[in-house]
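Inside the fold
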Amino acid sequence: MTLVLVLLDHDGKSVKQPARSAIAAAAKLGEVVALVAGEGVGEAAKAAAAIKGVAKVLVADHAAFAHALAEPLAALIVKLADGYSHILSASTATGKNVMPRVAALLDAQPISDIAAVIDADTFIRPIYAGNAMATVKSSDTKKVITVRAASFDPAPEEGGLAAIEAISVPIENATSKFVGAELSKSERPELTAAKIVISGGRGMQNGENFGKLLEPIADRLHAAVGASRAAVDAGFVPNDYQVGQTGKIVAPDLYVAVGISGAIQHLAGMKDSKVIVAINKDEEAPIFQVADYGLVGDLFQILPELQKELG
Amino acid sequence: MKLLVPVKRVVDFNVKVRVKSDGTGVETAGVKMSMNPFDEIAVEEAVRLKEKGLATEIVAVSMGVASCQETIRTALAMGADRGILVETDVELQPLAVAKLLKALVEKEQPRLVIMGKQAIDDDMNATGQMLAALLGWPQGTFASKVVIEGDTATVTREIDGGLETVALTLPAVVTTDLRLNEPRYASLPNIMKARKKPIETIRPADLGVDPAPRLTLVSVAEPPKRKAGIKVKSVQELVEKLRNEAKVI
Ligand SMILES: Cc1cc2nc3c(=O)[nH]c(=O)nc-3n(C[C@H](O)[C@H](O)[C@H](O)COP(=O)(O)OP(=O)(O)OC[C@H]3O[C@@H](n4cnc5c(N)ncnc54)[C@H](O)[C@@H]3O)c2cc1C
Ligand SMILES: Nc1ncnc2c1ncn2[C@@H]1O[C@H](COP(=O)(O)O)[C@@H](O)[C@H]1O
């Protein structure tokens, strides 16, 4: 059986849900070897070993990988690449940063953001903001792939019993350095993992209204909060809230769009949600064309009512 | 410091593309074409660096059919100094574009390449990272802030959890995200001036690169259509439907 290498997104302790979707995609291609790279990642490696479908976990525990910088991570993966037919990761910020670099070093054309696996060489991926689905066949000997997590049910967290193997690959990195991070803190579920997402757009008018009107409902529903590009550009909410073609792709059980018009770039990030609700005062807004339940009206009236109704 | 800015000609972001009925691609005949929006942001950033006295020359590069000239002209009108068109009718994929850019970088010797994070037609989000890899340069992808000081580019990046800052030793590749800047509109006098700026045309073979695609397009299909839903009249009705019909809350 061919071996498939999957770079996992993790936080040092646990494996991120999109990475489990990448494992699910990889399992269709061969036997999955998971790579956990970072500093002090013993817990994450254990979590990886427990994931169903993982045959082996490689752990590269070293300061060079502490911040998932692309230069050392790509160099590491290239050194490991022998013996694997496919190298995958989720289309996360890390995956998108690292995998094309890996591909170039292996003289392969990356296959970005796949939504389906047809066979070992053939994949379906969205193009033009998801307005078309392209079936592409790769002629490269080694395939380097990022996986649209929303399109693959994540491999279960439990059920695996993989061996963990520490690897030591010396990597020099003199050209890039981590300086700092400013991460959004939230008790809410992550956007790409949440079962319910409630997003606000320009119609929210400011960040305070997100806090006052949207977030209490999100908390009541254990939902993640998202946003349109317009809401992020205007500074209502941080950049990592953006849902869309060039932001995050989500497919929760329920997506609620509040004060969002429904531009194609926004739809690209949420139109695979199971149930879509749109709240907008403009009954012609394109968001209603994809909404299962549309409510026409003023969000400043509707949101407080909704909060009350949910109890 | 010389800057290289790759600019791609793509279907305008406002166009909702249609899949051809024979499933061989999307309809691009008679469709409005523009510069990839992320590349406009890249050109803007380059022009600002020049205005601050941090850059001396901006070279805009576009690759593809002859009409990519227009995209280069747009970059020149925004403030780029000269253009290079790598002309070919072959469909160019990121690996080929990265190899062609590498050859141009070796010829032109820029200290910084600023480009879009993603082309909105193929949605690959790959070329910048690949160019950096081929050159052995560091990369600052999805940039929302770029500060150049001496030999270092300090790049603030939009990542899944928020923002991250990295320091790159030049030369480097930076790819732009939406919040980096707001691109200017070219003024009429600048559009006129741009007509006189030079554009050199070369072929992939001149750069010693085989641009043949590695991915074959087997077919293109419409995405699954969503069934039209209903309008509810009140919040009560909405919550009732979500509880009892959709069963999602
Ligand atoms: C290269 C590129 C990439 C992009 N990527 C993304 C992306 O990833 N994600 C994304 O979202 N966008 C993206 N966009 C932007 C996209 O084209 C739209 O501009 C954006 O989605 C609009 O955001 P919006 O719906 O919040 O604002 P608007 O289009 O201004 O809509 C606001 C809506 O709020 C409604 N409204 C106003 N007040 C009220 C009220 N009181 N009650 C109820 N409703 C109200 C209005 O009727 C309107 O429909 C991208 C654009 C480009 C060019
Ligand atoms: N044919 C091209 N000509 C010039 N630049 C390109 C071309 N293709 C890709 N690029 C650059 O690479 C970036 C990312 O494209 P992609 O990797 O295809 O999503 C674009 O924003 C451009 O800056």
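If you're wondering where the values come from, they're calculated on a predicted model, not measured in any experiment. (Residues numbered from 1 in each chain as written. Chains lettered and ligands numbered in written order. Predicted model: local features only at pLDDT ≥ 70, side-chain atom pairs only at ≥ 80, totals over all residues. Heavy atoms only, no water.)

Quick look at the overall build of chain A
Helices and strands together make up the secondary structure of chain A, namely eight helices and 16 strands. Taken against the 2.2 N^0.38 rule, which gives 19 Å for 311 residues, the C-alpha radius of gyration of chain A at 20 Å falls within 12% of a compact globule. Considered along the principal axes of its C-alpha atoms, chain A spans approximately 60 × 40 × 40 Å. Counting the 311 residues in chain A, one finds 60% classified as buried. Accessible surface, chain A as shown: approximately 12,200 Å² in total, 50% of it carbon and sulfur. Of the charged side chains in chain A, 28 are positive and 35 negative; the average position of the first set lies 1 Å away from that of the second. (Helix = DSSP H or I, 4+ residues; strand = E, 2+ residues; numbered from the N terminus. Rg over C-alpha atoms; globule rule 2.2 N^0.38 Å. Buried < 20%, exposed > 50% of the residue type's maximum accessible area, 1.4 Å probe, protein only. Areas by Shrake-Rupley, 256 points an atom, 1.4 Å probe, with all protein chains shown as cover. Lys, Arg positive; Asp, Glu negative; His and termini not counted. Charge placed at Lys NZ, Arg CZ, Asp CG, Glu CD.)

So, the sheet that holds strand S1 (residues 3-7) of chain A
All names here are of chain A. Here we have seven strands laid out as an open sheet, ordered S5-S9-S4-S1-S2-S3-S10, and parallel in their pairing. Single-partner strands in this sheet number two, and they are strand S5 (111-114) and strand S10 (163-166). The average angle at which neighbouring strand axes cross in this sheet is 25 degrees, direction not considered. In this sheet, strand S4 (residues 84-90) lies alongside S1 in parallel orientation, the contact comprising five bridges. Residue pairing across strands places leucine 3 opposite tyrosine 84, the latter belonging to S4. Along the sheet, helix H2 (residues 42-50) makes contact with strand S2 (31-38), strand S3 (54-61) and S10, crossing S3 at roughly 170 degrees. Packing of helix H3 (residues 70-80) onto the sheet brings it into contact with S1, S2, S3 and S4, and relative to S2 it is tilted by some 145 degrees. (Pairing = 2+ DSSP bridges. Axes fitted to C-alpha atoms, helices over the stretch in contact; angles between N-to-C directions. Contact = heavy atoms within 4.5 Å.)

Observations concerning the UniProt feature "domain: Electron transfer flavoprotein alpha/beta-subunit N-terminal" (unreviewed entry) in chain A
The UniProt record marks residues 4-182 of chain A with the feature "domain: Electron transfer flavoprotein alpha/beta-subunit N-terminal" (unreviewed entry), using the residue numbering of this structure. Annotation note: span residues 4-182 of chain A, helix share 25%, strand share 35%, distance between end C-alpha atoms 34 Å. (UniProt positions renumbered as here; feature names shortened; annotations may be inferred.)

Focus on the environment of Gly207(A)
Residue and element names in this part refer to chain A. In this fold, glycine 207 is placed in helix H5 (residues 207-221). Residue classification places glycine 207 among the partly exposed residues on the basis of a relative accessible area of 28%. When the C-alpha atoms of glycine 207 and serine 184 are compared, they prove to be 14 Å apart, with 23 residues separating the residues in sequence.

Quick look at unusual backbone geometry
With an omega dihedral of 5 degrees, the bond running from Leu170(B) to Pro171(B) counts as a cis peptide bond. Tracing the chain through its elements places Pro171(B) in the loop between strand S9 (162-169) and strand S10 (172-176). Although it is not a glycine, Ala129(A) adopts a positive phi angle of roughly 55 degrees. Classification of Ala129(A) by relative accessible area gives buried; the value is 6%. Its identity is not glycine, yet Asp123(B) carries a phi of approximately 50 degrees, on the positive side. When you line up the elements, Asp123(B) lands in the loop between strand S6 (112-116) and helix H4 (127-135). Taking the relative accessible area as the measure of exposure, Asp123(B) reaches 11% and is therefore buried.

Quick word on the pairing of S3(A)
Residues and elements named next belong to chain A. With seven bridges joining them, S2 and S3 adopt parallel strand pairing. Each residue of the ladder has a partner; that of leucine 35, found in S3, is leucine 58. Handedness of the crossover joining S2 and S3 through H2 is recorded here as right-handed. One ladder, built from four bridges, connects S3 with S10; its direction is parallel. Bridging from a neighbouring strand, valine 57 pairs with isoleucine 164 of S10. (Right-handed = clockwise from strand over helix to strand, strands pointing away.)

Notes on the sheet that holds strand S13 (residues 224-227) of chain A
Strand order across the open sheet formed by six strands is S13(A)-S12(A)-S14(A)-S15(A)-S16(A)-S13(B), with parallel pairing between neighbours. Lying at the two open borders of the sheet, with one neighbouring strand each, are S13 of chain A together with strand S13 (230-232) of chain B. Ignoring which end each strand starts from, the neighbouring axes of this sheet average 25 degrees apart. Where strand S16 (residues 293-296) of chain A lies against S13(B), three bridges are found, and the strand directions are parallel. Paired with Gly294(A) across the two strands is Lys231(B), which belongs to S13(B). The sheet contacts of helix H6 (residues 235-245) of chain B involve strand S14 (254-258), strand S15 (275-280) and S16 of chain A together with S13 of chain B, and relative to S16(A) the element is tilted by about 170 degrees.

Here we look at the site of ligand 1
Within the structure, ligand 1 sits among 29 residues, and Arg202(A), Ser228(A), Gln242(A), Ser261(A) and Asn280(A) are positioned closest to it. Near ligand 1, the surrounding residues are drawn from chains A and B. A distance of 3.1 Å separates a nitrogen atom of ligand 1 from a polar backbone atom of Lys281(A). A distance of 2.9 Å is found between a nitrogen atom of ligand 1 and a backbone nitrogen or oxygen belonging to Leu299(A). Isolated, ligand 1 exposes 980 Å² of accessible area, and the fraction of that covered by the protein chains is 86%. Only helix H6 (229-233), helix H7 (264-267) and helix H8 (299-310) of chain A together with helix H1 (37-51) of chain B provide two or more residues apiece to the shell around ligand 1. Here the residues of the shell around ligand 1 sort into 10 nonpolar, 14 polar and five charged. (Near = heavy atom within 4 Å. Polar contact = N/O pair within 3.5 Å; in protein donor to acceptor, adjacent residues only side chain to side chain. Nonpolar A, V, L, I, M, F, W, Y, C, P; charged D, E, K, R; others polar.)

Some remarks on the side chain of Asp39(B)
Residue and element names in this part refer to chain B. Positionally, aspartate 39 belongs in helix H1. Despite being buried, aspartate 39 has no salt bridge partner; lysine 8 is the closest side chain of opposite charge, sitting 8.0 Å away. There is a polar contact of 2.7 Å between the side chain of aspartate 39 and the backbone nitrogen of lysine 8. When neighbours within four sequence positions are excluded, aspartate 39 is seen to be in contact with Pro6, Val7, Lys8, Met115 and Gly116. (Salt bridge = Lys/Arg side-chain N within 4 Å of Asp/Glu carboxyl O.)

Concerning the pattern of salt bridges
Applying the stated criterion across every chain, the model contains 35 salt bridges over all chains. Between Arg111(B) and Asp151(B) there is a salt bridge, with the nearest N and O atoms lying 2.5 Å from each other. Taken together, the residues span a long stretch of sequence, with Arg111(B) in the loop between helix H3 (94-108) and S6 and Asp151(B) in the loop between strand S7 (139-149) and strand S8 (152-159) at a distance of 40 residues. One connected set of salt bridges, linked through shared partners, spans Asp107(A), Asp140(A), Lys99(B) and Arg214(B).

Let's talk about the pairing of S8(B)
Residue and element names in this part refer to chain B. Among the eight residues in S8, six count as buried, and that is most of the element. Where S7 hands over to S8, the hairpin turn is made up of two residues, of which glycine 150 adopts a positive phi near 55 degrees. Where S8 meets S9, eight bridges bridge the pair, whose relative direction is antiparallel. Following the sheet pairing, arginine 157 is matched in S9 by glutamate 164. Taking the residues between adjacent antiparallel strands as the criterion, S8 and S9 are bridged by two residues.

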